[in-house]
Each structure stands twice: as structure tokens, then as C-alpha cells.
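Chain by chain, the residues:
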There are 2 protein chains.
Amino acid sequence: MRDISTLSCADDLEAALREIGAERYHNLHPFHRLLHTGRLDKGQVQAWALNRYLYQSRIPMKDATLMSRITDPELRRNWLVRVLDHDGGPAGEGGIARWLKLCEWLGLDPAYVKSEQGALPATRFAVEAYVHFVRERSLLEAIASSLTELFAPGIHKERIPGMLAGYDFVSEAMMGYFRHRMDQAPRDAGFALAYVREHADTMEKRRLVCEALLFKCDVLWAQLDALHHAYVLDGGIPPGRFAPDRAMREAAA
Amino acid sequence: MRDISTLSCADDLEAALREIGAERYHNLHPFHRLLHTGRLDKGQVQAWALNRYLYQSRIPMKDATLMSRITDPELRRNWLVRVLDHDGGPAGEGGIARWLKLCEWLGLDPAYVKSEQGALPATRFAVEAYVHFVRERSLLEAIASSLTELFAPGIHKERIPGMLAGYDFVSEAMMGYFRHRMDQAPRDAGFALAYVREHADTMEKRRLVCEALLFKCDVLWAQLDALHHAYVLDGGIPPGRFAPDRAMREAAA
């Protein structure tokens, strides 16, 4: 990876950001490798969906806290699209409702998922770190932390066919969330990329933009580490958190 | 564990808090079981000390943010003792300096430890969640989240002889931090316990005090999960984070 503290122009910055994605995006995580190749059991997929709900649920809150700090109405209106995508709007349901459906189709009780009681503490800590980052850092860093969306279409392109082929309990309808994101993420990422290319106009700012993306990669990675630890490596499920039915797991193994 | 939503008096509250400690305190974590019985190698003990430094370093910041919200000078002065214990004061060095010495004696470069570069992202997320909790919740909950100190003497009583017997690279001098905490923690925990016994004067407040202690147990537990995952179960060390010397590990194994 190139030295992120000496990036001399917007093209260098963009190249560095793409390198970070190629090396640190969570498509590379062992848990995703298992998920996308049909090697998890249903309980493990449920654990993934339920924990990921907590992440999804905080994204519009993260975007709202960002909007609350934007003085330019044009920029704020651009950012609002993300909240509409996730929460829904006059045109209908958004991504969070679609994610909840995915959970329900996987056999989870939506009320239980929404209660957040089953999610791992480490998921919560990572997700909250993201919201706090966006609340506390500069606008430039806050916007830059969304840039993992540059790499989202790639992971969805792998996930959709991989999950459909790998699991008899996964249907085309369940992939609705990801199909929507295939269009939304590039639009959002393109906007954020253009923003950081324009506004990161010093070497120090370009470094901060890269650091923000590295931070966000850590946020995503840490969530999968926690899932992998608790549900794949048998590192222990904290008391009171989602525990897949053991009998079901043994039958599937 | 009793139902924490129906605690009818201070004695019930205290009994519930002690039950939470008996079931959820991190002395029960598998990583601590290994640490305290000589079953880790030096690199794994280094990883523990280095990550734990990040936690130690945030404790006085957490206490300062709490103090910044206390209007009663008497209560603030009582809380100040904790900052003096960790940061040091006119009488000399505090716990953070002692922890840094422990790291150095374990063969780590103190400048590297202080840079925080080697710490796991999950450690940072958990530790920051604690600081944010104390900043954002009620004073009662913030104070209650310190109550894990009720159970600290027990873990130190196990750790000091366990580490001295288990590792030829651990000396009596290195246990200085823990010996100091044997006196400090009960004094602080006694103060916080008396505070919550007096101020949690409704069922709802007693429940919130228990929830705060459960949250704090999660903060401690998640840090050990992350260590266990990265350094014991070989779940992967995130790029750029502390990697014990492989050769050293193999020699020790």
C-alpha cells in the first residue's frame, strides 16, 4: 500500500483509497468467504443477519448526525437520499424494512431482531464507534468514512449468486436488499468520492480521508471477527445473546 | 440471576449487582483462565498488556468526563481520587505509568505502546463505548458502570500468584500495578456502591444501575474476546496491528 501521508493530488488520493479497499474491505474476511460459498449453517446465517441489522439500523442515524452538521442545503439534500434509501419515504419501504424481511425469511422473529437484545456487544461497540466518528470528526472525515460503498457492488455481486447457490433456505426475494444496493451504493459512493477529491486539498487532508476509510474498514471487519469468534470458532456466545438452536446446527453439519 | 426489573430495595440491588459479577465478570473469560495459569506464550501476554494499555489510558478520561458533569464539589473531589490514582499527582507516578513499565518489562517499546498503533480495533471500540456511555448516560448510570471494581480484588488475588508462578518472564516488580489496585479498587467500589444504594431510589433506577454494570461487563469481556480471537484462536491479526514474533511463539510452544 502506498504511503498515505504523501499523496500529492486527487488522483493519488483516489488510487490510495482503491488500494485500501483492495486490501482491507471485509469481502476478504474469512466469515464472508464461508457465507458466500454455502459453508455456514442456517443458525450462523441468522446470527449474521441479526447482528448486521444493528449496523443497518444505525446508518440513517449516522447520516442524520452528519446532516445536522452540514450548513450547505445542496449538500444536505444530496445526503438525504441515503436516509430515504434506508428508512424509506413517500415512495415506499426502505432498506431497513427489506433487511428485516430478510431476517424474517431466515426464520427470525422481527420483533426480536428489532429489540437488538440478541446482537453481540462487539457489534454494538463497532457500530456505535462509527456513529460517534461521524458525529465528532470533521465533515470531510465523516463523508470519507462512507467510502466503503465504493467496494459494495463487488461484494454483492459475489454474495447474491453465492448465497442463492449455497443455501436451500435462501430465495431470490431475500436478496432484494442487496439488489437495491447495487444501484444505490455506486451513486452514493460516486458522490462522496467526488466530494473528497474536491475538498481534500492538502496532503494532510488527503491523509485524513484515507484514515477515515481505514477506520471504517476496521468497523466492518471487527463485526465479522465477533461473528466468527462466537458462531464459527466457538469462542463463546455471551450470555443472553442470540444462540442458534444447537440441534438445528448438528442436523445441518 | 434474579429479575433486575423488580428490585425493591438497596439490599436487593446490591445482591443483584453481586450476582452479575459472579456470572459476568471477566475473571471467567477463557483468555484470563489461560493468562492466570501460565498457558500463554510471551507474545500473547504482550498482546494482552498492550491492548489493556489502551483501556487503562482511557479510564482517567472517562473519570474526567464524569467529573465535568458533577455539580456537587464534594462528590467531584471524591471522584478525583481515581484520576490521581491513574495519572499520578504530587505524590508521584500513577497506574498508567506503572502499566507502561509492565509493558516495558515484558519487552515492548513504551513509545509503541503509547502510540496505540498496535492495539486491536475491537479494543478501541469497546473502550470508546465505555467513555461515551459515561458521557451520555445519567450520572447514576455513569457511576454504576464503575462497579466492576467490586470484583477486581478477586481477580488480582488470582492473577498475581498465577502469573508469577506461570511465567519465568514475570517478576514481582511487574505486579506493582495490581498490588496498588488491591487497595484502590475496594475503596472506589465501596464509594460507588454506597452512592448507587442511596440514589437508586426507584425500581426503574435500580434496573438502570444493573444494566450499567452489565454493559461494563460486556466492555471488559469483548476486549478479551478480541484478544482470544486474534492471538489464541488464530482468527487473524488485522493488518498493521501488534503481531508477536512467530519464531518466539514457536520456541515457547
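Residues numbered from 1 in each chain as written. Chains lettered and ligands numbered in written order. Predicted model: local features only at pLDDT ≥ 70, side-chain atom pairs only at ≥ 80, totals over all residues. Heavy atoms only, no water.

1. Some thoughts on the overall build of chain A
And then number 1: Counting secondary structure elements, chain A contains twelve helices and two strands.
And then number 2: Secondary structure elements in chain A, listed N-terminal to C-terminal, are α-α-α-α-β-β-α-α-α-α-α-α-α-α.
And then number 3: With the C-alpha coordinates aligned to their principal axes, the bounding extent of chain A is approximately 60 × 45 × 35 Å.
And then number 4: Across the 253 residues that make up chain A, the buried fraction comes to 57%.
And then number 5: Within chain A, contacts between residues separated by at least 24 positions form 77% of all contacts whose residues are at least 6 apart in sequence. (Helix = DSSP H or I, 4+ residues; strand = E, 2+ residues; numbered from the N terminus. Buried < 20%, exposed > 50% of the residue type's maximum accessible area, 1.4 Å probe, protein only. Contact = heavy atoms within 4.5 Å.)

2. So, the relation of the copies chain B and chain A
Between the two copies of the chain lies a rotation about an axis combined with a shift along it.
And then number 1: At an RMSD of 0.0 Å, chain B and chain A line up after a rotation of 180° and a shift of 0.0 Å along the axis. Given the turn and translation reported, the copies of this chain are related as if by a two-fold rotation axis. When C-alpha positions in chain B are compared against the rotation axis, the closest is assigned to phenylalanine 125 of chain B, at 2.6 Å. (Least-squares fit on C-alpha atoms with pLDDT ≥ 70 in both.)

3. So, the packing of aromatic side chains
All names here are of chain B.
And then number 1: Summed over the entire model, instances satisfying the criterion amount to 24 aromatic pairs over all chains.
And then number 2: Aromatic side chains tryptophan 48 and phenylalanine 178 sit 6.3 Å apart centroid to centroid with 20° between the ring planes, which places their arrangement in the stacked category. With tryptophan 48 in helix α3 (residues 42-67) and phenylalanine 178 in helix α10 (residues 176-199), this residue pair connects regions lying 130 residues apart in the sequence. Summarising the burial analysis for this pair, tryptophan 48 and phenylalanine 178 share the class buried.
And then number 3: Between tyrosine 177 and phenylalanine 178 the ring centres are 5.4 Å apart and the planes differ by 90°, which places this aromatic pair in the edge-to-face class. Residues tyrosine 177 and phenylalanine 178 agree in their burial class; the two are buried. (Phe/Tyr/Trp six-rings, centres within 6.5 Å; stacked < 30°, edge-to-face > 60°.)

4. Topic: the nonpolar core
And then number 1: Counting 96 residues, the largest nonpolar core has Leu147 and Val196 of chain A together with Leu147 and Val196 of chain B as its most contacted members.
And then number 2: For leucine 147 of chain B, the contacting residues outside a window of four places in its chain are Leu17, Ala189, Ala192, Leu193, Val196, Val209 and Leu213 of chain B. (Core = buried A, V, L, I, M, F, W, Y, C linked by side-chain atoms within 4.5 Å.)

5. Topic: the side chain of aspartate 41 of chain B
Residue and element names in this part refer to chain B.
And then number 1: Mapped onto the secondary structure, aspartate 41 falls in the loop between α2 (30-35) and α3.
And then number 2: Looking at aspartate 41, the relative accessible area reads 14%, which means it is buried.
And then number 3: At 3.1 Å, the side chain of aspartate 41 forms a polar contact with the backbone nitrogen of glycine 43. (Polar contact = N/O pair within 3.5 Å; in protein donor to acceptor, adjacent residues only side chain to side chain.)

6. Examining the pattern of salt bridges
And then number 1: Going through the model one piece at a time under the given rule, you end up with 42 salt bridges over all chains.
And then number 2: Of the charged contacts, one joins aspartate 85 of chain A and arginine 187 of chain A as a salt bridge, the two residues approaching to 2.4 Å between their closest N and O atoms. Here arginine 187 of chain A lies in helix α10 (residues 176-199) and aspartate 85 of chain A lies in helix α4 (residues 73-87), a separation of 102 residues in the sequence.
And then number 3: Here arginine 187 of chain A falls in the partly exposed class, since its relative accessible area comes to 40%.
And then number 4: Arginine 197 of chain B is paired through a salt bridge with glutamate 14 of chain B; the nearest N and O atoms lie 2.6 Å apart. Note that arginine 197 of chain B is positioned in helix α10 and glutamate 14 of chain B in helix α1 (residues 10-24), a separation of 183 residues in sequence.
And then number 5: On the basis of relative accessible area, arginine 197 of chain B is assigned to the partly exposed category, the value being 30%. (Salt bridge = Lys/Arg side-chain N within 4 Å of Asp/Glu carboxyl O.)

7. Focus on the interface of chain B and chain A
And then number 1: Taken residue by residue, the interface counts 19 residues in chain B and 19 residues in chain A.
And then number 2: Approximately 1800 Å² of surface area, both sides summed, lies buried where chain B meets chain A, with 63% of it carried by carbon and sulfur atoms.
And then number 3: For the pair chain B and chain A, the interface holds four salt bridges.
And then number 4: Counting the contacts that link chain B with chain A gives eight residue pairs in polar contact (both at pLDDT 80 or more).
And then number 5: Within the residue set of the side of chain B that touches chain A, elements represented by two or more residues are α7 (121-136) and α11 (203-232) of chain B.
And then number 6: Looking at side-chain class alone, the side of chain B that touches chain A contains nine nonpolar, four polar and six charged residues. (Buried area = accessible area lost by both parts, 1.4 Å probe. Nonpolar A, V, L, I, M, F, W, Y, C, P; charged D, E, K, R; others polar.)

8. Here's the deal with the environment of leucine 40 of chain A
And then number 1: Within the fold, leucine 40 of chain A resides in the loop between α2 (30-36) and α3 (42-67).
And then number 2: A C-alpha to C-alpha distance of 9.6 Å links leucine 40 of chain A and tyrosine 231 of chain A, two positions 191 residues apart in sequence.

9. Focus: unusual backbone geometry
And then number 1: One non-glycine residue, aspartate 234 of chain A, lies in positive phi territory at about 55°.
And then number 2: Inspection of the secondary structure assignment puts aspartate 234 of chain A in the loop between α11 (203-232) and α12 (246-252).
And then number 3: Positive phi outside glycine occurs at glutamate 116 of chain B, with the angle close to 65°.

10. Considerations on the side chain of arginine 98 of chain B
Residues and elements named next belong to chain B.
And then number 1: For arginine 98, the location among the structural elements is in helix α5 (residues 95-105).
And then number 2: Notably, arginine 98 is buried but unbridged: the nearest opposite-charge side chain belongs to glutamate 93, and the N-O separation is 5.9 Å.
And then number 3: Each residue touching arginine 98, except ones within four places of it in the same chain, is listed here: Asp85, Glu93, Gly176, Tyr177, His180 and Gln184. (Lys, Arg positive; Asp, Glu negative; His and termini not counted.)

11. Observations concerning the confidence of the model for chain A
And then number 1: Chain-level statistics for chain A give a pLDDT mean of 94 and a share of 97% at 70 or above.
And then number 2: On the interface metric, ipTM, the complex scores 0.84, and its pTM is 0.90. (pLDDT = per-residue confidence, 0-100.)

12. Here's the deal with the environment of valine 113 of chain B
All names here are of chain B.
And then number 1: Positionally, valine 113 belongs in helix α6 (residues 110-115).
And then number 2: With relative accessibility at 2%, the residue valine 113 sits in the buried group.
And then number 3: Not counting residues up to four positions away in its chain, the partners in contact with valine 113 are Leu50, Tyr53, Leu100, Cys103 and Leu108.

13. Let's talk about α11 of chain A
Residue pairs three or four apart in sequence face the same way in an α-helix, which turns once every 3.6 residues.
All names here are of chain A.
And then number 1: Between its first and last C-alpha atoms α11 spans 42 Å; for 30 residues at 1.5 Å apiece the expected length is 44 Å, and the two agree.
And then number 2: Across the 30 residues that make up α11, a large majority, 23, are buried.
And then number 3: Positioned one or two residues after α11, aspartate 234 has a phi angle of 55°, which is positive. (Expected span 1.5 Å × (residues − 1).)

14. Here we look at the environment of leucine 220 of chain A
All names here are of chain A.
And then number 1: Relative to the assigned elements, leucine 220 resides in helix α11.
And then number 2: Assessed through its relative accessible area of 4%, leucine 220 is described here as buried.
And then number 3: Here the alpha-carbon distance between leucine 220 and threonine 123, two residues 97 residues apart in the chain, equals 9.2 Å.

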